[in-house]
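Coordinate inspection notes
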Amino acid sequence: MRRLRLGLLAARMSFWALALPILKRVVPLQRLARLMHDDGHGARDRHHERQIIALSSLLARLTPPPFRDNCLERSLLAYRFLARANAEPRLVVGVRIGEDGVRGHAWVTLDGEPIHESAAATSEFSRLVEFGPGGAASGDRPGAQQLPDVWV
């Protein structure tokens, strides 16, 4: 039964992994975050959450170039399925300015901790916006109102 459940999860996540490279280019991020959030049901299951995190990483690496391992796609995928698992994830978008110019990054936090990378890696970025329950933007960051409609 667990194998069947994992297989169905992988199939559903694969569908979204294929759709996200297009969706992120045609749907404004604030609307896309609402679309990707799926209300949870049932009790939290840490084992299931770990499966979702692992599959979102794997699927991001398996997509063809130039979409391979895109942080926004990986994060939107994890955000959707962790929300569906009633885990209360947060989707965070940030930027940093370095020698190589301005760089954007997206990540998901669960219980306040990033799921795909270390807290030290995400601390390099200034948070622009954080999406929580229902895909709603939270916080009073002024940059949240000026987000671009399309992300590459």
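Residues numbered from 1 in each chain as written. Predicted model: local features only at pLDDT ≥ 70, side-chain atom pairs only at ≥ 80, totals over all residues. Heavy atoms only, no water.

Remarks on helix H2 (residues 29-36)
Selection criterion: Note on classification: 1.4 Å probe, protein chains only; a residue is buried when its accessible area is under 20% of the maximum for its type, exposed when over 50%, partly exposed between these limits. Put simply, DSSP marks the helices as runs of H or I at least four residues long and the strands as runs of E at least two long, and each gets a number from the N terminus on. Note: the arc covers the axis-to-C-beta directions of the helix. What makes two residues a contact is simply this: any of their non-hydrogen atoms within 4.5 Å.
Taken as a whole, H2 has its buried residues at Leu 29, Leu 32, Ala 33 and Met 36. End-on view of H2: buried residues confined to an arc of 105°, all on one side of the axis. Close packing links the buried residues of H2 with helix H1 (2-26), helix H4 (71-84), strand S1 (90-98) and strand S4 (126-131).

Comments concerning the pairing of S4
Condition: By definition, two strands form a pair when at least two bridges between them are found by DSSP.
Here S1 runs beside S4; their pairing, made up of 5 bridges, is antiparallel. Its bridge partner lying in S4, Gly 94 is registered against Arg 127. Alignment of S4 against strand S5 (residues 137-138), held across 2 bridges, turns out to be antiparallel. Its bridge partner being in S5, Glu 130 is matched across the sheet by Ser 138.

Quick look at the confidence of the model for the protein
Our working rule: pLDDT runs from 0 to 100 and stands for how confident the predictor is about each residue.
When the pLDDT values of the protein are averaged, the result is 88; 86% of them are 70 or greater. Within the protein, no element has a lower average pLDDT than S5, which sits at 88, and none a higher one than strand S3 (residues 113-114), at 97.

Section: the sheet that holds S4
Pairing is antiparallel across the open sheet formed by 5 strands, whose spatial order is S3-S2-S1-S4-S5. What marks the edges here is a single partner per strand, and that holds for S3 and S5. In this structure, strand S2 (residues 101-110) lies alongside S3, joined through 2 bridges in antiparallel fashion. If you follow Thr 109 over to S3, its bridge partner there is Pro 114.

Structural notes on the nonpolar core
Taken as a class, soluble globular proteins show a tendency for nonpolar side chains to be buried jointly. As a reminder, the rule being used: What is meant by a nonpolar core is a set of buried Ala, Val, Leu, Ile, Met, Phe, Trp, Tyr and Cys residues, joined one to another through side-chain atoms within 4.5 Å.
Counting 34 residues, the largest nonpolar core has Met 13, Leu 77, Leu 82 and Phe 131 as its most contacted members. Going through the elements one at a time, H1, H2, helix H3 (46-62), H4, S1, S2 and S4 are the ones with two or more residues in this core. Sort the elements by how many residues they give to this core and H4 lands first, with 8 residues. Once residues lying within four places of it in the same chain are set aside, the contact partners of Met 13 are Ile 52, Leu 55, Ser 56, Leu 59, Leu 77 and Phe 81.

Considerations on the packing of aromatic side chains
As a reminder, the rule being used: Aromatic rings from Phe, Tyr and Trp, with only the six-membered ring used for Trp, were paired whenever their centres fell within 6.5 Å, and each pair was classed as stacked if the ring planes differed by under 30 degrees, edge-to-face if by over 60, and tilted otherwise.
The full count for this structure, using the stated rule, is 2 aromatic pairs. With a centroid separation of 5.5 Å and 80° between ring planes, the pair formed by Phe 15 and Trp 16 is classed as edge-to-face. By relative accessible area, which is 52% here, Phe 15 ends up exposed. The interplanar angle of 50° and the centroid separation of 6.0 Å between the aromatic rings of Trp 107 and Phe 125 together place this pair among those described as tilted. Here Trp 107, found in strand S2, pairs with Phe 125, found in the loop between helix H5 (119-122) and S4; they are 18 residues apart in sequence, far enough to count as distant.

Points about the side chain of Ser 57
The topology assignment puts Ser 57 in helix H3. Residue class for Ser 57 comes out buried when judged on its relative accessible area of 17%. Ignoring any residue separated from it by four or fewer positions in sequence, one finds Ser 57 in contact with Arg 74 and His 116.

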